[in-house]
Amino acid sequence: LSSHAYLKKYYGNAIINSNSNSNSHSNRTRYDIFTFVSLLKACSQKKAIWEGKSLHSQILKLGLLEDHHHPYLASTLISMYAMFDMLFLAFSVLENLPFRCTVSWNALISGYSQQGRFYEALICFDLMQIEGLSPNVVTFICILKVCGSIGELDKGKEIHDHVFNRGLIDKDVVLGTSLVCMYAKCGELSRAKEVLEMLPIRDVVAWSALIAGYAQQGQGQGQEALSSFEKMKSEGISPNEITFLCTLKACASIRDIEKGEDIHFEMVTKGFLEKDIMLGSALVDMYAKCGAFFEAQKVLRMLPMQNEVAWSALVAGYAEMGCAQEALECFEEMQNKGFSPNPITFLGILKACGSQGSIKKGEQIHVLIVGANRGLLLKDTVLGTAL
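Cut-offs used in this document
- Residues numbered from 1 in each chain as written.
- Predicted model: local features only at pLDDT ≥ 70, side-chain atom pairs only at ≥ 80, totals over all residues.
- Heavy atoms only, no water.
- Helix = DSSP H or I, 4+ residues; strand = E, 2+ residues; numbered from the N terminus.
- Buried < 20%, exposed > 50% of the residue type's maximum accessible area, 1.4 Å probe, protein only.
- Contact = heavy atoms within 4.5 Å.
- Lys, Arg positive; Asp, Glu negative; His and termini not counted.
- Charge placed at Lys NZ, Arg CZ, Asp CG, Glu CD.
- 1 Å grid on protein atoms, 1.4 Å probe; cavity = no way out; pocket = protein on both sides within 12 Å on 5 of 7 lines; lining within 4 Å.
- Points joined across faces, edges and corners; volume = space filled by probe spheres on them.
- Nonpolar A, V, L, I, M, F, W, Y, C, P; charged D, E, K, R; others polar.
- Salt bridge = Lys/Arg side-chain N within 4 Å of Asp/Glu carboxyl O.
- Expected span 1.5 Å × (residues − 1).
- Polar contact = N/O pair within 3.5 Å; in protein donor to acceptor, adjacent residues only side chain to side chain.
- Phe/Tyr/Trp six-rings, centres within 6.5 Å; stacked < 30°, edge-to-face > 60°.
- Disulfide = S-S within 2.5 Å.

Draft legend 1. The overall build of the chain, seen in detail. Scanning the chain from N- to C-terminus turns up 23 helices and zero strands. When its C-alpha atoms are laid out on the principal axes, the chain stretches across 80 × 50 × 40 Å. Taking all 387 residues of the chain together, 46% fall into the buried category. Within the chain, counting contacts between residues at least 6 apart in sequence, those at least 24 apart form 59% of the total. Charged side chains in the chain number 36 positive and 40 negative. The centres of these two groups are separated by 6 Å.

Draft legend 2. Representation of the layout of surface pockets within the structure. Its boundaries defined by the atoms lining it, the largest pocket holds a volume of some 690 Å³. Lining the largest pocket are 25 residues, with Asp-285, Lys-289, Ala-313, Ala-316 and Ile-344 sitting closest to its centre. For the lining of the largest pocket, the secondary structure elements donating two or more residues are α14 (241-253), α16 (277-289), α18 (308-320) and α20 (343-356). Of all the elements, α18 adds the most residues to the lining of the largest pocket, at seven residues. In terms of residue class, the lining of the largest pocket is made up of 12 nonpolar, seven polar and six charged.

Draft legend 3. Broad picture of the pattern of salt bridges. Tallied over the full model, the rule gives 13 salt bridges. The salt bridge involving Arg-100 is made with Glu-131; its shortest N-O contact spans 2.8 Å. One end of the pair, Arg-100, is in the loop between α5 (87-95) and α6 (102-114); the other, Glu-131, is in the loop between α7 (118-130) and α8 (137-150), and 31 residues separate them in sequence. The class of Arg-100 is partly exposed, set by a relative accessible area of 29%. Owing to a relative accessible area of 37%, Glu-131 belongs among the partly exposed residues under this scheme. Here Glu-320 and Lys-351 are joined by a salt bridge, their closest N and O atoms 3.4 Å apart. Of the two residues, Glu-320 is situated in helix α18 and Lys-351 in helix α20; the sequence distance between them amounts to 31 residues. Through salt bridges with shared partners, one network takes in Asp-126, Lys-155 and Glu-158.

Draft legend 4. Fine view of α7. Taking 1.5 Å of rise per residue, the 13 residues of α7 would be expected to cover 18 Å, and the 19 Å separating its terminal C-alpha atoms lies within 8% of that figure. Phi for Gly-132, located one or two positions after α7, is positive at around 90°.

Draft legend 5. Fine view of α14. Here α14 contains 13 residues, and its C-alpha end-to-end distance of 19 Å stays within 8% of the 18 Å for a straight helix at 1.5 Å per residue. Buried within α14 we find Thr-243, Phe-244, Cys-246, Thr-247, Leu-248, Ala-250, Cys-251, Ala-252 and Ser-253. Those residues of α14 that are buried lie in contact with α12 (204-216), α13 (222-234), α15 (257-270) and α16. Two or three places before Ile-242, at the opening of α14, Asn-240 has a side-chain oxygen 3.1 Å from that residue's backbone nitrogen. Downstream of α14 by a residue or two, Arg-255 has a phi angle that is positive, lying close to 55°.

Draft legend 6. The packing of aromatic side chains, seen in detail. Under the defined criterion, the tally for this structure stands at three aromatic pairs. Their ring planes at 55° and their centres at 6.2 Å tell us that Phe-229 and Phe-244 sit as a pair that is tilted. Here the residue Phe-229 occupies a position in helix α13, and Phe-244 occupies one in helix α14, the gap between them amounting to 15 residues. One exposure class covers both Phe-229 and Phe-244, and it is buried. The interplanar angle of 15° and the centroid separation of 4.2 Å between the aromatic rings of Phe-293 and Tyr-318 together place this pair among those described as stacked. Here Tyr-318 lies in helix α18 and Phe-293 lies in helix α17 (residues 293-302), a separation of 25 residues in the sequence. Comparing Phe-293 with Tyr-318, the two get one shared label, buried.

Draft legend 7. Molecular detail of unusual backbone geometry. Not every positive phi belongs to a glycine, and Lys-47 is a case in point at roughly 55°. Here Lys-47 lies in the loop between α2 (25-46) and α3 (49-62). Positive phi outside glycine occurs at Arg-255, with the angle close to 55°.

Draft legend 8. Inspection of the state of the cysteines at higher detail. Throughout the structure, instances matching the rule amount to zero disulfides. Here Cys-142 stays unpaired: no disulfide links it, and the sulfur of Cys-147, its closest cysteine neighbor, is 9.9 Å away.

Given below as structure tokens:
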């Protein structure tokens, strides 16, 4: 069924049931609440904004938001508006609730976080506590993600203290993993490692967060990333796509082609390259940065699906190693195959033009950059500097 027909079918049933006198008021209300929760989730999944607003209107008419025993209806409504990026309506729903609770605040905090409005999420976190409501595990996980996203280390440490004092880390592996992620993203890798080692249960997500943190630091911490990768496997934990991506980045940063080849073999054995195009691109990038261009080309041509990221990695690799002519030829081939250059491609090819003194080619690239996105040079100062 189309989203409209699907919602109309069940929305109609909800109206009929809400007006039925066959059940007691409490049973009918409970049935209506669960029905509307399902319908609102369907609206979110189908991006059916008008149907969602219509359901909201019906919920208000029935007075269902006044039942403080069922906070999940309000939280689902808030989540729906947040998914539509209509956070002013999400906040309005919460503001007009006769009874606010941690569950409804969590929905709003999560909504702000998912839309990248991290400071508003932090403000909501503070407002919730001002109202006398205690954060729960879900709140802490969401706020730790926010802290990691904007580098709010002090706030993250404050959350860590709350979590530690309440003994929550030992009870929830996701919360412990979120702490590791927060410290790693804030560059506090020693604290991230310390928290990881204290976790009663370590999973691939926590290890990947630490490895990603090390890999992000570049050459200085590349070896630590590889050591953590080996330690993770020694504990019997299998790498996932994120782990491989970060480890390949570490190999590239320290030019460890032998370790890169081992990871390549492991990914092929486990069938990862057939499922994830980003892994293929990362592998091309690793070989290119290690100067192994024959292997980089071989991987690129064997990928089940190629993209501009993989081609750009090869172009940038050639340019970085001073192989200007090869970079230009690779760039031409990339375009002939129908792949559009991205800022990384442009940076690599401009470097090649500069090293070769190819002013005419450089001027052509300038025209391409302006043609591809007229605002690109205003947004990307590094690209402007390269020109």
